[in-house]
Amino acid sequence: MSTLIVENPCQLQGTVNISCAKNAILPIIAASLLSEDKCILEDIATLEDVKVMVEVVNSLGAEVRMSNDNVLEIAAYNITSTETSYELIRKMRASFLIMGPMLARFGKIRISLPGGCAIGSRPIDLHLKGFAAMGANITLGHGYIEAHADKLKGNSIYLDFPSVGATENIMMAACLAEGMTIIENAAEEPEIVDLSNFLSKMGAVIKGAGTDTIRIEGVKYLKGTTHTAIPDRIEAGTFMMAAAATRGDVLIDGVVPEHVKPITAKLKEMGAEVYEFEKAIRVKATGRLQSVDIKTMPYPGFPTDMQSPMMSAMCVSKGTSVVTETVFENRFMHISELKLMGAKIKVDGRSAIVEGVEKLSGAKVKATDLRAGAALLISALCAEGPTEISEVYHIDRGYINIEKKMRKLGAKINRQD
Ligand code: EPZ
């Protein structure tokens, strides 16, 4: 198990290039199952989670090829199975996104229930509600879901919560259904828009992605296409937070400023200087940040994936900050680790009260989930003395070469395998 060792505090300086968005690439790989033609995904970030999703579609019979220059080719003309391995689905929840495409194209699938994880129970009731509304016959048993549908039929589906995954799964299923599907109270994340753009290039007829109502007119056939996913707004936000927390000056290159507006707004409230360019953002902080309050919300609100990195910045800000996590029920696992580094945080239900301290102190800490690991990295960069972060595989799921990117900005950081 890899460990990251961060020697001492440092003010990050320089330019960091943002990779393609994990949470855009994963549904797009699933969507490639909707066509028998080849789909070509360029500039792929070879993240652990992307490798798992490629393994999932390959296990169904899709031909996959990753070139040296990070071009991924997927050709699902010869699907040999409509059942996935228990282990693979349990490995990564997002693999559940193959359910919509498989139901739409083959009319059946047997898939294991995706597990919960550190941040919450992660139910899938809204996904299943959508498929049932489109005529799928769904049975659950022995940890598996079996679903059949001779032909999915369009319908109106209201999501009780604007679930990203449910919106994506239902949108993909609706592309090959008979008639019109309307998803109401849909998620509006940029990754939904990117998936919609990919599907439209395949020949799907979709209107309203990025709003709370998405209309999909089913078609008979989808062709292959070529696509480059949007930049990763959460990776970008993580580096923005690290730049501000370490009182550095960093140009985050290859980001869509619109996608990180909530983070920009909060960093400005904290006293950081944030300059927006067409495809880049510069974050500069000369003094100690001011405290601020955040409440995580579905897009365009403050993203839940940025809650823990933001909390790390709050730990060394002046004053008291309040964090309210409304999206997941258990996304405070990083707090006990931050407290080992001297952070002063009290949890009260879904809120955490953070009393800023001048400096944190290096310690041996453990990454408990993907974004918590990133938060610990930010704190380590603000701490006196070495910090050792274990279970770094969590971080590798969503950040490519993170120690190389941080080292390029001046961090004294090494990986020990
Ligand atoms: C996506 O997860 C992201 N993952 C998550 O990123 C992100 O935190 C989350 O959206 C919220 O933005 C990918 O895109 C691969 P949801 P997803 O369905 O789709 C409840 C990261 O760090 N819900 O929007 O699983 C659920 O319990 C990861 O990159 C239901 O109740 O999130 C949660 O409280 C972590 N029933 C809320 O909705 C359902 O059927 C948000 O979940 C589905 C969800």
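Peer 1: Give me helix H4 (residues 99-106): which residues, what numbers.
Peer 2: A large share of H4 lies buried, amounting to six of its eight residues. Inspection of H4 places Met99, Gly100, Pro101, Met102, Leu103 and Ala104 among the buried residues, and these make up the whole buried set. Buried residues along H4 sit against helix H1 (22-31), strand E6 (108-112), helix H5 (125-133), strand E8 (144-148) and helix H6 (164-174). Once H4 ends, the next one or two residues include Gly107, with phi positive near 75 degrees.

Peer 1: Can you explain the packing of aromatic side chains? Please cite residues and give values.
Peer 2: Throughout the structure, instances matching the rule amount to one aromatic pair. Look at Tyr86 and Tyr144: their rings are 5.9 Å apart centre to centre, the planes differ by 50 degrees, and that puts the pair in the tilted class. With Tyr86 in helix H3 (residues 86-91) and Tyr144 in strand E8, this pair connects stretches of sequence that are 58 residues apart. The partly exposed category is assigned to Tyr86, whose relative accessible area is 33%. Judged by relative accessible area, which is 13%, Tyr144 ranks as buried.

Peer 1: Mind laying out the side chain of Ser19, listing which residues take part and the relevant values?
Peer 2: For Ser19, the location among the structural elements is in the loop between strand E2 (13-17) and H1. Residue class for Ser19 comes out buried when judged on its relative accessible area of 18%. Here Lys405 takes part through its side chain, which lies 2.8 Å from a polar atom of the side chain of Ser19. Residues within four places of Ser19 in sequence aside, it is in contact with Ala45, Pro231, Asp232, Glu235, Ile400 and Lys405.

Peer 1: How would you sum up the packing of helix H8 (residues 233-245) against helix H10 (residues 307-315)? Please name residues and give values.
Peer 2: Relative orientation of the contacting elements H8 and H10 amounts to 5 degrees, with a least axis distance of 9 Å. As far as their axial angle goes, H10 and H8 are roughly parallel. When H8 is examined against H10, the residues Thr238, Met241 and Ala245 are found in contact with a partner set consisting of Pro309, Met310 and Ala313. The class makeup of the residues in the contact of H8 with H10 is five nonpolar, one polar and no charged.

Peer 1: I'd like a description of the pattern of salt bridges, backed by residues and values.
Peer 2: Tallied over the full model, the rule gives 20 salt bridges. The closest approach of N and O atoms between Lys22 and Asp49, which form a salt bridge, is 3.8 Å. Linking Lys22 in helix H1 with Asp49 in helix H2 (residues 48-59), this pair joins segments that are 27 residues apart in sequence. Taken as a pair, Lys22 and Asp49 share a single burial class, namely buried. Residues Glu358 and Arg288 are paired through a salt bridge, measuring 3.3 Å at the closest nitrogen-oxygen approach. Separated by 70 residues along the polypeptide, Glu358 in the loop between strand E20 (351-355) and strand E21 (360-361) and Arg288 in the loop between strand E16 (280-284) and strand E17 (294-295) bring together distant segments of the chain. Among the ionic contacts, a cluster of salt bridges with common partners joins Lys22, Asp49 and Arg397.

The rules behind the values
Residues numbered from 1 in each chain as written. Predicted model: local features only at pLDDT ≥ 70, side-chain atom pairs only at ≥ 80, totals over all residues. Heavy atoms only, no water. Buried < 20%, exposed > 50% of the residue type's maximum accessible area, 1.4 Å probe, protein only. Helix = DSSP H or I, 4+ residues; strand = E, 2+ residues; numbered from the N terminus. Contact = heavy atoms within 4.5 Å. Phe/Tyr/Trp six-rings, centres within 6.5 Å; stacked < 30°, edge-to-face > 60°. Polar contact = N/O pair within 3.5 Å; in protein donor to acceptor, adjacent residues only side chain to side chain. Axes fitted to C-alpha atoms, helices over the stretch in contact; angles between N-to-C directions. Parallel < 35°, antiparallel > 145°, perpendicular 65-115°, else oblique. Nonpolar A, V, L, I, M, F, W, Y, C, P; charged D, E, K, R; others polar. Salt bridge = Lys/Arg side-chain N within 4 Å of Asp/Glu carboxyl O.

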